[in-house]
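Secondary and tertiary structure notes
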Amino acid sequence: RHTRAAHGSWARDVYKRQVMDYGERAKENFQSGYSCAQAVFLACTEDMGLDTGTRARIASSFGGGMGGMRQVCGAVSGMLMALGLHQGYTDPKDKAGKAAQYEVIRALADEFKRENGSIICRELLGLDENCQPKLPEDRTAAYYAKRPCAKLCQTAGEIFERYVAEHPEDGQ
């Protein structure tokens, strides 16, 4: 079902380290200036065979709930993109693989929603549903103080880490 041979046994290597700490790394990545999506995706895919620049570019469109539109939380998007690298299907005719992947996607998204109340960026930020996209803001102490994003990144990383620890074989 999974085609990860090109990247070797990264899942087993990560699992063996015992201290993946994707959540803490995701939080640190966000606090260093990466978008929420980049922060989680970078933390959760460090050992998957792609360089940091490529991984940052892949996730760059999903921050701020997809380009600042405040839709699906970028931390959730980053987590689910990492899931695709971990165990995504590659054959467009693989209905069973697609169905299995969608089931796991929903389970991880549901876990995030259980822990945080939503997977929608504007709801997590307490914004009105009619909020308009804004340009990215400067990362200041005030910026970090008024947003739960660092914690949301940490939560997404932790959810992904638990999944990988329970399913290390899926990434091979």
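If you're wondering where the values come from, they're calculated on a predicted model, not measured in any experiment.

1. With respect to the packing of helix 6 (residues 74-87) against helix 7 (residues 95-116)
Two packed helices can be described by the angle between their axes and the distance between those axes. Put simply, helix 6 and helix 7 touch, their axes get as near as 11 Å, and they point 150 degrees apart. As helix 6 runs across helix 7, the sense of the crossing is right-handed. Residues V76, M79, L80, L83, G84 and Q87 of helix 6 form the contact with helix 7, whose participating residues are Q101, V104, I105, L108, A109 and F112. The residue makeup of the contact of helix 6 with helix 7, split by class, is nine nonpolar, three polar and no charged.

2. Here's the deal with the nonpolar core
One finds F30, V40, M79, L108, F112, C153 and F160 to be the most contacted residues of the largest nonpolar core, which totals 34 residues. For this core, the elements supplying multiple residues, two or more each, are helix 2 (22-31), helix 3 (36-44), helix 6, helix 7 and helix 10 (149-166). Here this core gets nine residues from one element, more than from any other, and that element is helix 10. Setting aside its immediate chain neighbours within four residues, M79 contacts V40, L108, A109, F112, A156, I159 and F160.

3. A short note on the pattern of salt bridges
If you walk through the whole model with that rule in mind, you get seven salt bridges. Here E137 ties to R147 by a salt bridge, and the two come within 2.8 Å at their closest N and O atoms. Of this pair, E137 sits in the loop between helix 8 (121-124) and helix 9 (141-145) while R147 sits in the loop between helix 9 and helix 10; the two residues are ten residues apart in sequence, bridging distant segments of the chain. Residue class for E137 comes out partly exposed when judged on its relative accessible area of 28%. Each of E111, R114, E115 and R162 takes part in a single network of salt bridges with overlapping partners.

4. Quick look at helix 4 (residues 52-59)
Regarding helix 4, the residues found buried are R55, A56 and A59. An end-on view of helix 4 places all buried positions within 100 degrees of arc, on one side of the element. Buried positions along helix 4 lie against helix 3, helix 5 (63-66) and helix 6. N-capping of helix 4 is provided by D51, with a side-chain oxygen placed 3.1 Å from the backbone N of G53.

5. A closer look at helix 6
Compared with an ideal rise of 1.5 Å per residue, which puts 14 residues at 20 Å, helix 6 spans 20 Å between its outermost C-alpha atoms and is within 8% of the ideal. The buried fraction of helix 6 amounts to twelve of the 14 residues, a majority that puts the element mostly inside the structure. Listed in full, the buried residues belonging to helix 6 are G74, A75, V76, S77, G78, M79, M81, A82, L83, L85, H86 and Q87.

6. Digging into unusual backbone geometry
Of note, the phi angle at M66 is positive, near 75 degrees, even though the residue is not glycine. Relative to the helices and strands, M66 resides in helix 5. With phi around 65 degrees, R70 is a residue other than glycine that occupies positive phi space. Take R70: it is sitting in the loop between helix 5 and helix 6. Judged by its relative accessible area of 16%, R70 falls in the buried class.

7. Section: the confidence of the model for the protein chain
Residues of the protein chain with pLDDT of at least 70 account for 86%, and the chain-wide mean is 89. Across the protein chain, helix 3 holds the top mean pLDDT of 98, while helix 1 (residues 10-16) sits lowest at 48. With pLDDT under 50 throughout, residues 1-8 is counted as low confidence; its partners more than four residues away or in other chains account for 20 contacts. Here residues 14-18 is modelled with pLDDT under 50, and outside its nearest four sequence neighbours on either side it reaches eight contacts, counting other chains as well.

About the thresholds
- Every residue gets a number counted from 1 within its own chain, in the order that chain's sequence is written.
- Local features in this predicted model are restricted to residues of pLDDT 70 or higher, and side-chain atom pairs are both shown and tallied only at a pLDDT of 80 or more, whereas totals for entire chains, interfaces and linings draw on every residue.
- Side-chain measures here rest on the full set of heavy atoms in the structure, leaving out hydrogens and waters.
- Orientation is described by axes fitted as lines to C-alpha atoms, over the contacting stretch for helices, and by angles from 0 to 180 degrees between their N-to-C directions.
- Here a helix means four or more residues in a row that DSSP labels H or I, a strand means two or more in a row labelled E, and each is numbered from the N terminus.
- Left-handed describes a crossing whose near helix is turned anticlockwise from the far helix by less than a right angle; the clockwise case is right-handed.
- Contact between two residues is taken to exist if any of their heavy atoms lie within 4.5 Å; hydrogens are not considered.
- Residues are grouped as follows: Ala, Val, Leu, Ile, Met, Phe, Trp, Tyr, Cys and Pro are nonpolar; Asp, Glu, Lys and Arg are charged; every other residue, Gly included, is polar.
- Residues belong to one nonpolar core when they are buried, are Ala, Val, Leu, Ile, Met, Phe, Trp, Tyr or Cys, and are joined through side-chain atoms within 4.5 Å.
- Each residue gets one of three labels from its accessible area relative to the maximum for its type: buried under 20%, exposed over 50%, partly exposed in between, using a 1.4 Å probe on protein chains only.
- We count a salt bridge whenever a side-chain nitrogen from Lys or Arg sits within 4 Å of a carboxyl oxygen from Asp or Glu.
- In this context, the arc is that of the directions from the helix axis out to the C-beta atoms.
- Here a polar contact means two N or O atoms within 3.5 Å. Within protein one must be a hydrogen donor candidate and the other an acceptor candidate, and residues neighboring in sequence count only if both atoms are side-chain atoms.
- Take the residue count of a helix, subtract one, and multiply by 1.5 Å to get its expected span.
- The quantity known as pLDDT measures the predictor's confidence residue by residue, on a range of 0 to 100.

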